[in-house]
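# Structural characterization, general
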Amino acid sequence: MKDFSIEKYFVVGPENTGGRPVLPIIRAAVEAGFTFLQIRSKTASARELIVLLEDTSRLLREMGKSDSVALVADDRLDVVLAARERGAKVDGIHVGQSDIYPEICRKYLGDDAIVGLSAPTGDLVHYIEKGDFSQIDYFGAGPLHPTDTKRDCGLDAEGNLIVRTLDELTHLAEISPLRVTVGGGVKAEDLEALAATGIHGFFVVSAVAGADDPGAAARELVEIWDHAR
Ligand SMILES: Cc1ncc(COP(=O)(O)OP(=O)(O)O)c(N)n1
Ligand SMILES: Cc1nc(C(=O)O)sc1CCOP(=O)(O)O
Ligand SMILES: [Mg+2]
């Protein structure tokens, strides 16, 4: 699936929904207009992740969205391969700087798969200038703000959390050979400023999965983003 949009990107796992089932929240995000789904869990078993990918793939098929909303898993190449083996349409994987190498993901998932990579914290300009990104389809960058959803984001030499400034994101959008989606503490009130940086999309977990009414929250995010772009 090479024709995909990272514009409105929802990341979710069972630990993000306040005890509520995940699938209705995914449905609400897709109905609202989210274009990309990532299943991410640091607590679920491999089996739980495989079943969640299978269920999400089936849901997208029932909604007629299999070809327009991309579905990837965070970190777990084994889980993606297993879910595919069992018939699920899983479009790819998102990996970070300490995860399985993107080129190995590409080898096992195929040319048509989506392989996303988290940009490192630190000197992005140098990284982009020197890197070979031929095996990657897009970058994730963050956090915009500190977030409880990911506590192991990068720290500077003094031990302070490194957050992305809007100036840095504007520069990243200018120099990046790939599309960039930005997340980490992103809320509705951030979207206008984020869109103005020129980055291609935003990703959220708790702004949708943690909302009292995930559908209403997702619709608000989509509306603000679409208006700002
Ligand atoms: C779209 C997107 N961007 C960044 C990340 C973070 O990936 P990573 O740095 O590997 O951290 P974990 O998510 O694995 O904790 C992401 N998952 N998605
Ligand atoms: C998955 C992830 N990656 C991040 C990064 O900075 O790379 S921040 C993050 C979690 C985003 O969750 P929330 O929207 O609840 O803050
Ligand atoms: Mg990772």
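No experiment lies behind these values; they were computed from the predicted model shown. (Residues numbered from 1 in each chain as written. Chains lettered and ligands numbered in written order. Predicted model: local features only at pLDDT ≥ 70, side-chain atom pairs only at ≥ 80, totals over all residues. Heavy atoms only, no water.)

### A few points about the packing of aromatic side chains
So the rule is basically this: Only centres within 6.5 Å qualify two rings of Phe, Tyr or Trp (six-membered ring in Trp) as a pair; their planes then separate them into stacked at under 30 degrees, edge-to-face at over 60, and tilted for everything else. Each helix corresponds to a stretch of at least 4 residues labelled H or I by DSSP, and each strand to a stretch of at least 2 residues labelled E; elements are numbered beginning at the N terminus. Here the term buried applies to any residue with accessible area under 20% of the maximum for its type, exposed to any over 50%, and partly exposed to those in between, with areas from a 1.4 Å probe on protein chains only.
Enumeration over the complete set of coordinates arrives at 12 aromatic pairs. Between Y9 and F36, the aromatic rings sit 4.2 Å apart at their centres with planes inclined by 15°, giving stacked as the arrangement. Separated by 27 residues along the polypeptide, Y9 in strand 1 (residues 8–12) and F36 in strand 2 (residues 36–39) bring together distant segments of the chain. Judged by relative accessible area, Y9 falls into the buried class, the value being 1%. Ring centres of Y9 and F203 lie 6.0 Å apart, and the angle between their planes is 55°; this geometry places the pair in the tilted category. Taken together, the residues Y9 in strand 1 and F203 in strand 8 (residues 201–204) connect sequence positions 194 residues apart.

### Quick word on the coordination of the magnesium ion (ligand 3)
Our working definition: Ligating atoms shown are N, O and S within 2.8 Å of the metal, or 3.2 Å for Na, K and Ca, and water is not included, meaning a site may look less than complete.
Bound to the magnesium ion (ligand 3) are the protein donor atoms D75 (OD) and D99 (OD), situated 2.0 to 2.1 Å from the metal. Residue D75 is found in the loop between strand 3 (70–74) and helix 3 (77–85), and its partner D99 is found in the loop between strand 4 (92–95) and helix 4 (102–109); the two are separated by 24 residues along the sequence. Taking the relative accessible area as the measure of exposure, D99 reaches 26% and is therefore partly exposed.

### Details of the pairing of strand 2
Applied cut-off: Should DSSP find at least two bridges between two strands, the strands are taken to pair. The crossover handedness rule: strands pointing away from the viewer, path from first strand over the helix to second strand clockwise, crossover right-handed.
Side chains of strand 2 alternate between two faces, with F36 and Q38 and L37 and I39 buried alike. By the bridge criterion, four bridges tie strand 1 to strand 2 in an arrangement that is parallel. Considered in strand 2, the bridge of Y9 is made with F36. Chirality of the crossover, the property in question, places the unit of strand 1, helix 1 (residues 22–32) and strand 2 among those that are right-handed. In terms of strand pairing, strand 2 meets strand 3 through four bridges, oriented parallel.

### Some thoughts on the site of ligand 2
Threshold: The cutoff for a nearby residue is simple: one of its non-hydrogen atoms must lie within 4 Å of the molecule or strand. The term polar contact refers here to a pair of N or O atoms within 3.5 Å; inside protein, the definition further demands a hydrogen-donor-capable atom paired with an acceptor-capable atom, and it admits residues adjacent in sequence only when both atoms are side-chain atoms. Per-residue and other accessible areas follow the Shrake-Rupley method at a 1.4 Å probe size, with only the shown protein chains counted as cover for residues. In the scheme used here, Gly and all other residues not listed as nonpolar or charged are polar, with Ala, Val, Leu, Ile, Met, Phe, Trp, Tyr, Cys and Pro taken as nonpolar and Asp, Glu, Lys and Arg as charged.
Near ligand 2 lie 13 residues; those nearest to it are T147, T149, G185, V205 and S206. T149 is positioned such that a nitrogen or oxygen atom in its side chain is 2.5 Å from an oxygen atom of ligand 2. Contact between ligand 2 and V205: an oxygen atom at 2.9 Å from a main-chain N or O atom of the residue. Burial of ligand 2 by the protein chains amounts to 92% of its free accessible area of 430 Å². In terms of residue class, the shell around ligand 2 is made up of five nonpolar, six polar and two charged.

### Focus on the UniProt feature "binding site: Mg(2+)" (unreviewed entry) in the protein
Put simply, the rule is: UniProt positions are given in the numbering used here, feature names are shortened, and annotations may be inferred rather than shown by experiment. Residues count as neighbours in contact if any of their non-hydrogen atoms are within 4.5 Å of one another.
The positions UniProt marks with the feature "binding site: Mg(2+)" (unreviewed entry) are D75 and D99. These annotated residues cover 25 residues of sequence, and their C-alpha atoms all fall within 6.3 Å of one another, placing them together at a single site. Relative accessible area serves as the criterion here: at 19%, D75 is assigned to the buried category. Apart from the residues within four sequence positions on either side, D75 is in contact with K42, I93, H94, V95, D99 and I100. At a separation of 2.5 Å, a polar atom in the side chain of D99 contacts the main-chain amide nitrogen of G96.

### Side note on the sheet that holds strand 7 (residues 179–183)
Picture the strands of a sheet paired through backbone hydrogen bonds; they go either parallel or antiparallel. This is how it is decided: In this analysis, axes come from line fits to C-alpha atoms, helices being fitted only over the stretch in contact, and the angle between any two N-to-C directions falls in the range 0 to 180 degrees.
On the basis of which strands lie adjacent, the closed barrel formed by eight strands has the order 1-2-3-4-5-6-7-8 and parallel pairing. Each strand of the sheet is rotated relative to its neighbour by a mean of 25°, with strand direction disregarded. Bridge count between strand 7 and strand 8: three bridges; the pairing is parallel. Bridged to T181 within strand 8 is G201. Its contacts with the sheet place helix 9 (residues 214–228) against strand 1 and strand 8, and it is angled at close to 165° to strand 8.

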